[in-house]
Amino acid sequence: MKKLLLLATGGTIASIEGNEGLVPGLSAEELLQYFKNDILEVDVTCEIIMNRDSTNMQPEHWVMMAEIIAERYHEFDGFIITHGTDTLAYTSAALSYMLQGLKKPVVITGSQVPISFKQTDAKKNVIDSIRFAKEEIGGVFVVFDGRVIIGTRAMKMRTKSYDAFASINHPYVATIEKDQIHFLWKPDKPTTELLLDTSICPDVFLLKLHPGTKPEIFDFIKQHYKGVIIESFGNGGLPFEERNLLPKIEEMVDEGIAVVITTQCLEEGQDLLLYEVGRKVAQYNIILSADMNTEAIVAKLMWVLGNELTLNEIKNRMESQLAYDLSVDWEG
């Protein structure tokens, strides 16, 4: 019989009615009772490690989850984390970097409606996660609404619908229909043992450009952050007329600040060499994000900055595929 560890962190799935709206509040035992009759062929240990709305999830909590999984790794065949949906994709990406060489599944799930409500998607998502966590497969995965997503490619697309998450720029790992898992592809088996690397630097700023963005914003970023991710337009160029941002980018790079260029478009990634507005910024030692999603870029940059690296070393690590976070045949 497979042994699984379910780590509850709060979120909508564990929420109850409070004085000011829904708030996480179910105990591990209360959470387990909702699906205990559906897991007769597996031994599930349920533990609550925190009970918080995922809006309040911080990088330090990613570290806590990763350390618990590494510490209990040899006790269990698979792991499930129940999590609020709002920052679930950041957590799945972060754990993908912190837990290298996984030969067992780490599955993250949640729900759009609390498990105690009659019309809830929580029970299905948890049962699907348990089913997938029994598989002989390694890596971090998001299981939601019958779909399995590799941990670095998940993104929350909807605030209310059950099909809240999508796999961005990458095929789904599998679909789950009733008690059947239909694999579309499987990650390669790691050749190394589990490596826990929880180096993390939260000094990362995410800037979404809009027409009229003032160059002076970078003076503040330069003083308070070690890295900045710029969500630009289309293929990733930056404005160089009127409110010219390029001199500030040059200043930041010269001072060793990691500058990542990505796009506000969800699909197909950026290509700085396509237009003049992109080539002008590509002349600096900036980091290209290829077709990575923003959640993965944020988690990866925090993780890479957690080590003492030169700007070129940071660039090389960010631009190298890890945990399927960017397409190796990407030609942007």
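Worth saying up front: this structure is predicted, and the values here are computed from it rather than measured.

Novice: Got a minute to help me understand helix H9 (residues 311-318) in this structure?
Specialist: Since the α-helix advances by 3.6 residues per turn, residues separated by three or four positions end up pointing in the same direction. Listed as buried for H9 are Leu311, Ile314, Lys315 and Met318. Looking down the long axis of H9, one finds its buried residues gathered within 100° of arc, a one-sided arrangement. Packing partners of the buried residues in H9 comprise helix H6 (246-254), strand E17 (258-263), strand E18 (287-288) and helix H8 (294-305).

Novice: How should the packing of helix H2 (residues 59-71) against helix H3 (residues 88-98) be read in this particular structure?
Specialist: The relative placement of two packed helices comes down to the angle between their axes together with the axis-to-axis distance. As a packed pair, H2 and H3 sit with axes 10 Å apart at the nearest point and diverge in direction by 50°. Between H2 and H3, the crossing angle belongs to the class labelled oblique. Crossing geometry of H2 relative to H3 is assigned as right-handed. Contacts between H2 and H3 involve Trp62, Val63, Met65 and Ala66 from the first element and Tyr90, Thr91, Ala94, Leu95 and Met98 from the second. Grouping the constituent residues of the contact of H2 with H3 by class yields eight nonpolar, one polar and no charged.

Novice: Sorry, what's going on with helix H4 (residues 122-133) here?
Specialist: With twelve residues, H4 extends 16 Å between its outermost C-alpha atoms, agreeing within 8% with the 16 Å of an ideal straight helix rising 1.5 Å per residue. The element H4 is extensively covered by neighbouring structure, given that nine of its twelve residues are classed as buried. Taken as a whole, H4 has its buried residues at Ala122, Asn125, Val126, Ile127, Asp128, Ser129, Ile130, Phe132 and Ala133.

Novice: Looking at this model, I keep getting lost on the sheet that holds strand E8 (residues 139-144). Mind explaining?
Specialist: Two orientations exist for strands paired in a sheet by backbone hydrogen bonds: parallel and antiparallel. In space, the eight strands of this open sheet follow the order E4-E1-E5-E7-E8-E9-E12-E13, with mixed pairing throughout. Sheet topology places strand E4 (42-52) and strand E13 (180-183) at the edges, where each strand pairs with a single neighbour. Direction aside, the axes of adjacent strands within the sheet are offset by 25° on average. Of the pairings in the sheet, the one linking strand E12 (residues 174-177) to E13 comprises four bridges and is antiparallel in character. When the bridges of E13 are listed, Glu177 appears paired with Gln180. Lying on the sheet, H2 is in contact with strand E1 (2-10), E4, strand E5 (78-82) and strand E7 (105-109); it crosses E4 at an angle near 155°. Of the strands in this sheet, E1, E4, E5, E7, E8, strand E9 (147-150), E12 and E13 touch H4, which is tilted by about 175° from E7.

Novice: Just to check I follow, could you spell out the packing of helix H5 (residues 217-224) against H6 for this structure?
Specialist: Where H5 meets H6, the closest approach of the two axes is 10 Å, and the angle between their N-to-C directions is 10°. With respect to each other, H5 and H6 are oriented roughly parallel. Taking contact as the criterion, the partners of Phe218, Asp219, Ile221 and Lys222 in H5 are, on H6, Lys248, Ile249, Glu251 and Met252. Residues that form the contact of H5 with H6 fall into these classes: four nonpolar, no polar and four charged.

Novice: How do you make sense of the pattern of salt bridges when you look at a structure like this?
Specialist: Note on pairing: side chains with opposite charge can pair once their charged atoms come close. A full pass over the atoms with the stated rule returns 15 salt bridges. Salt bridges linked by common partners bring Asp219, Lys222, Lys248, Glu251 and Glu255 together as one network.

Novice: Can you help me understand the packing of aromatic side chains in this one?
Specialist: Any pair of aromatic rings gets described here by the distance separating the centres and the angle formed by the planes. Counted by the stated rule, this structure contains nine aromatic pairs. Ring geometry for Tyr73 against Phe79: centres 6.4 Å apart, planes inclined by 5°, an arrangement best described as stacked. Accessibility assignment for this pair places Tyr73 and Phe79 in one class, buried. Measuring from centroid to centroid gives 5.1 Å for Phe132 and Phe141, while their planes differ by 70°, and the two rings are edge-to-face. Residue classification places Phe141 among the buried positions, given a relative accessible area of 0%.

Novice: Is there a simple way to think about unusual backbone geometry in this case?
Specialist: Trans is the common state for peptide bonds, and a negative phi is the common state for residues other than glycine. Even without being glycine, Asn169 reaches a positive phi, approximately 60°. Residue placement: Asn169 occurs in the loop between strand E11 (165-167) and E12. Residue classification places Asn169 among the partly exposed residues on the basis of a relative accessible area of 22%. Its identity is not glycine, yet Ala290 carries a phi of approximately 55°, on the positive side. Counting through the fold element by element, Ala290 comes out in the loop between E18 and H8. What makes Ala290 buried here is its relative accessible area of 7%.

Novice: Got a minute to help me understand the nonpolar core in this structure?
Specialist: What tends to happen in soluble globular proteins is that the nonpolar side chains get buried as a cluster. Ranked by internal contacts, the top residues of the largest apolar core, which has 73 residues, are Ile230, Val259 and Leu301. Taken together, domain 1 (2-196) and domain 2 (204-319) each give at least three residues to this core, which thus spans both. Judged by nonpolar contacts, the second largest core, of 27 residues, contains Leu31, Val126, Phe141 and Val143.

Novice: What's the story with the sheet that holds strand E15 (residues 204-208) in this structure? I'm lost.
Specialist: If you trace the four strands from one edge of the open sheet to the other, you get E15-E16-E17-E18, paired in parallel fashion. If you trace the sheet from one side to the other, it starts and ends with E15 and E18, each paired once. Of the pairings in the sheet, the one linking E17 to E18 comprises two bridges and is parallel in character. Each bridged residue has a counterpart across the sheet, and for Val260 the counterpart in E18 is Ile287. Sitting on the sheet, H5 touches E15 and strand E16 (227-232), and the angle it makes with E15 is about 165°.

What counts and how
- Residues numbered from 1 in each chain as written.
- Predicted model: local features only at pLDDT ≥ 70, side-chain atom pairs only at ≥ 80, totals over all residues.
- Heavy atoms only, no water.
- Buried < 20%, exposed > 50% of the residue type's maximum accessible area, 1.4 Å probe, protein only.
- Helix = DSSP H or I, 4+ residues; strand = E, 2+ residues; numbered from the N terminus.
- Arc of directions from axis to C-beta.
- Contact = heavy atoms within 4.5 Å.
- Axes fitted to C-alpha atoms, helices over the stretch in contact; angles between N-to-C directions.
- Parallel < 35°, antiparallel > 145°, perpendicular 65-115°, else oblique.
- Left-handed = near helix turned anticlockwise from the far one by under 90°.
- Nonpolar A, V, L, I, M, F, W, Y, C, P; charged D, E, K, R; others polar.
- Expected span 1.5 Å × (residues − 1).
- Pairing = 2+ DSSP bridges.
- Salt bridge = Lys/Arg side-chain N within 4 Å of Asp/Glu carboxyl O.
- Phe/Tyr/Trp six-rings, centres within 6.5 Å; stacked < 30°, edge-to-face > 60°.
- Core = buried A, V, L, I, M, F, W, Y, C linked by side-chain atoms within 4.5 Å.
- Domains from an automatic or database assignment.

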